[in-house]
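Overview (structure and organization)
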Amino acid sequence: MIWTVIFTSVRRLFHNRLELILTFLVPIAFFSIFAVIFGGGQSSSIIPKIKVIAVDEATNADSAKIIESLRECPSLRFVRDRDDEAVSRSAASEMVRRGIATMAIVLHGENNRINADLLADASDQVAGQVVTALLSRAMAMSLHDRDPNNLPDSHHMIAPPSPIPTVPTVTVLDIMGENKTNPVVSMYAAGIAVMFLLFGATGGGGALLEERESQTLDRLLSTRLTMDQLLVGKWFYLSGVGIVQVTLMFVWGQIVFGVDLLSHMDGFLMMTVVTSSAAAGFGLCLATLCKSRGQLNGLSLIVVLAMSALGGSMVPRYVMSENLREAGLWTFNAWALDGYDKVFWRELPVSELWPQLTVLLLSGAIFLVIARILAVRWECD
Amino acid sequence: MEIHELCKSFGDLTALANVTFTLGAGERLALLGPNGAGKTTLIRCLSGRTRPDSGSIHVEGAPISLAGVRDMLGLVPQEIAVYRDLTTRENLSAFGRFYGLRRRELRDRIDWALQWTGLQDRAGELVGTFSGGMKRRVNLACGVMHSPSVLLLDEPTVGVDPQSRERIFSMLDELNSDGTSILLTTHHLDEAQARTDRIVIVDKGRVVAKGTFSQLVDETIGRSRMVTLRIDRPLAAPLPNLTSTTSRDSTMGICGEQSIQLRIDDVASQLPSLITTVHDFGYGIADVQVDSPSLHHVFLHLTGRELRD
């Protein structure tokens, strides 16, 4: 009897190809995605580089030497590196705020002593520590080159004690989250919200397949209702549900975790309306692509999880390599998260949201058009 | 409704081949056929859900493709094509709205439909919680919210108990008496025989017979009755058939069998002599069964006994 149960279950599994794929291939696929994100793929040399910008306020030989030394670090990538014009502290700060650079290294000196300020985007919790370490080392080396007695080394261990070295200081200034009550939570809220928005939209789109399977679609289309009206109606409904879903999540975030929703209401509403409508289009597109609800469940699980992994809903994109970050831009999540990031984290004016809003609006429209084209086959045999 | 030389193929499969018939005003017509005969394709063509390759469909003289003509049709699919997670009233309201009903007219039709289906006291309950028969009644009601002049039903009584079937046909009779023409497909041949005015039998996409039940009987198996006599012991040898007028049926019964079967044209005059003959040969009669021609016999005569799926 037990053997028959096992045998029957195995036979059923092999008859259901989608379930077979979900059971064995999807874990491998997701393992591969996360291996590429965290392990840099097969080659560990492909590590994510931290985008930095240097501001030399000291303008002396030592500061130039420190910057030159940092340029040789493989884990740093200097932005605006080719510009002849020097970047000011405020300009560098603005670049960090806009996400052009993750960190600005500002070298300033008084009385021949160089200190450094790191204008940091604290959302990248790894970058701050890495750059601080690299900068400290570069400054120490510079100090050592200028006055070998100023740093302890093996030779100095047996030499007579020298005057107390003037150790350079590196001060990390969080220019993004300094005034926020709970700065990082808003980013995670956006990540989770967008992922569940996609799950919700694909699940809602599945109602169309249920209607088709139960012949309710036949009945609906035999009334005065047209396929255009049906799809647009469902699109509005799914968009509305998505807007309420995300709003509730951020309201909860404000009440419990201190996310500052009220101060960012304009940007939040713009992003949420556009993201929800695009997700609704995506859900309908995926639904019309499938033949059955079961197929949709399998496909949406794969697509939404893959997009969420690559797009930054599960893992912050700053830990990804350059190539993966670029690949992430093909996902829905990356654009939506960049938009929410601009609203809640970078606190940019809503006019700065135009790239994200444009991409999401366009993709939503394209998804809806594809859904309409695919639904033609259900209209009339 | 006039259907003229309707043809539809799916790839190499011919679903409909020159199907022609009419459904008169206020008429009840049964569309019969084995599985895969083309009934559902025909219903889908008539409801505008499938585009025929050629041929024409006219309702009250207007082609079905003309705007507004489809409003004269009501469709009741084979599946329970309603929202199971809505209440009866919500389903009726939704489909009424899809058919263009609004405000008072909609309210009146919902009240009528609840009374018609006998579900007034279940109006606020989810359809998903209903029995099969109740779901079928809601399914039916959603197709007639707009008072169509022609109602198309694809197996409206499949999977329901005799009581529910009776109720559904009473509902259809009520609609029909108000002037609605009814075209239904069914595998319940007794229902088709008893509850419809005319019958169209399709097989392999073609109309193989159409007419009233009497016409079909006359055109196929004739009016003779099948008589079965169960005797008290196996037949030792075939008996002479004194009721036959032809030499071909000069004997009756098969050696070794304990029953005798034959057709007779006049039960009143021929059955007594038949019983006498059996007695005269020393056999006792345990039971006598007389079967009048049924649609079942006509159907099998026209479509054969081979399995179709």
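Here's what I pulled together on the structure shown here. (Residues numbered from 1 in each chain as written. Chains lettered and ligands numbered in written order. Predicted model: local features only at pLDDT ≥ 70, side-chain atom pairs only at ≥ 80, totals over all residues.)

1. A short note on the overall build of chain B
As a reminder of what qualifies: Put simply, DSSP H or I for four residues or longer makes a helix, DSSP E for two residues or longer makes a strand, and each gets a number counted from the N terminus. Throughout, the radius of gyration refers to the C-alpha atoms, and the reference size of a globule is 2.2 Å times the residue count to the power 0.38. Any residue with 12 or fewer other C-beta atoms within 10 Å of its own C-beta is exposed, any with 20 or more is buried, and the rest are partly exposed; the C-beta atoms used are placed from the backbone. In this description, any two residues whose backbone-derived C-beta atoms lie within 7 Å of each other are considered to be in contact.
The helix and strand inventory of chain B stands at nine helices and 15 strands. A compact globule built from 309 residues would reach a C-alpha radius of gyration of about 19 Å, whereas chain B, at 24 Å, exceeds it by more than 25%. Taking the principal axes of the C-alpha coordinates as reference, chain B spans close to 80 × 45 × 35 Å. With 309 residues in all, chain B has 36% of them scored as buried. Once local pairs closer than 6 in sequence are excluded, the contacts in chain B between residues at least 24 apart make up 69%.

2. Digging into the environment of A:Ala133
Residues and elements named next belong to chain A. Mapped onto the fold, Ala133 is located in helix α5 (residues 125-146). On the basis of neighbour counts, which here come to 11 C-beta atoms within 10 Å, the residue Ala133 falls in the exposed class. Taking the C-alpha atoms as reference points, Ala133 and Val170, separated by 37 residues in sequence, lie 9.3 Å from one another.

3. Side note on helix α9 (residues 295-303) of chain B
Residues and elements named next belong to chain B. Operational definition: The directions considered for the arc are those from the helix axis to the C-beta atoms.
For α9, the full list of buried residues reads Leu295, Val298 and Phe299. An end-on view of α9 places all buried positions within 100° of arc, on one side of the element. In this fold, the buried residues of α9 make contact with β3 (28-32), α6 (189-195), β9 (198-203) and α7 (213-219). Phi turns positive, to about 80°, at Gly304, one or two residues after α9.

4. Notes on the sheet that holds strand β11 (residues 225-231) of chain B
Residues and elements named next belong to chain B. In plain terms, the rule: Any two strands with at least two DSSP-identified bridges between them are counted as paired. Where helices are involved, their axes are fitted lines through C-alpha atoms of the stretch in contact, as for all axes, and angles between N-to-C directions lie from 0 to 180°.
In spatial order, the strands read β14-β11-β15; together these three strands make up an open sheet with antiparallel pairing. Sheet topology places β14 (259-264) and β15 (285-291) at the edges, where each strand pairs with a single neighbour. Strand-to-strand twist in this sheet, taken as the mean axis angle between neighbours without regard to direction, amounts to 15°. With six bridges connecting them, β11 and β14 associate as antiparallel partners. The residue bridging Met226 from the neighbouring strand is Arg263, located in β14.

5. Concerning the pairing of strand β1 (residues 50-56) of chain A
Residue and element names in this part refer to chain A. Heads up, the rule is: Handedness of a crossover: with both strands directed away from the viewer, a clockwise path from the first strand across the helix to the second marks it as right-handed.
For β1, a buried count of six out of seven residues is recorded, marking the element as mostly surrounded by other parts of the structure. Bridge count between β1 and strand β2 (residues 76-78): three bridges; the pairing is parallel. Across the sheet, residue Lys51 finds its bridge partner in β2, namely Arg77. As for the winding sense of the linkage, the β-α-β connection from β1 through helix α3 (residues 61-71) to β2 is right-handed.

6. A word on the environment of B:Ser250
Relative to the elements of secondary structure, B:Ser250 occurs in the loop between β12 (239-240) and β13 (251-252). Spatially, the C-alpha atoms of B:Ser250 and B:Phe281 are 16 Å apart, while their sequence positions differ by 31 residues.

7. Side note on the packing of helix α12 (residues 332-345) of chain A against helix α13 (residues 354-379) of chain A
Residues and elements named next belong to chain A. Definition in use: If you view the pair so one helix is near and one far, a crossing is left-handed when the near helix is turned anticlockwise from the far one by less than a right angle, and right-handed when it is turned clockwise.
Closest axis-to-axis distance for the α12/α13 pair is 9 Å, and the angle between their directions is 145°. Every pair of crossing elements has a handedness; the one defined by α12 and α13 is left-handed. On α13, the residues touching Phe332, Trp335, Ala336, Asp338 and Gly339 of α12 are Gln356, Leu357, Val359, Leu360 and Ser363.

8. Considerations on the interface of chain A and chain B
Put simply, the rule is: Each residue is assigned to one of three groups, with Ala, Val, Leu, Ile, Met, Phe, Trp, Tyr, Cys and Pro labelled nonpolar, Asp, Glu, Lys and Arg labelled charged, and all others, Gly among them, labelled polar.
The partner chain B presents 18 residues to the 13 residues of chain A that form the contact. Its residues placed into classes, the side of chain A that touches chain B shows four nonpolar, five polar and four charged.

9. Side note on the nonpolar core
Counted only if it meets this: Working definition: the nonpolar core is a set of buried Ala, Val, Leu, Ile, Met, Phe, Trp, Tyr and Cys residues, joined through C-beta atoms within 7 Å.
Membership of the largest hydrophobic core comes to 84 residues, with the highest contact counts inside it found for A:Met103, A:Ala104, A:Ile105 and A:Leu198. For this core, the element with the most residues is helix α9 (residues 265-289) of chain A, which contributes 11 residues. Residues in contact with A:Ile105, not counting those within four places in the same chain, are A:Val52, A:Ala54, A:Val55, A:Leu70, A:Ala116, A:Leu118, A:Val131 and A:Leu135. Within the second largest apolar cluster, 65 residues are counted, among which are B:Leu31, B:Ile57, B:Leu184 and B:Val200.

What is shown is where atoms sit, not what they do.
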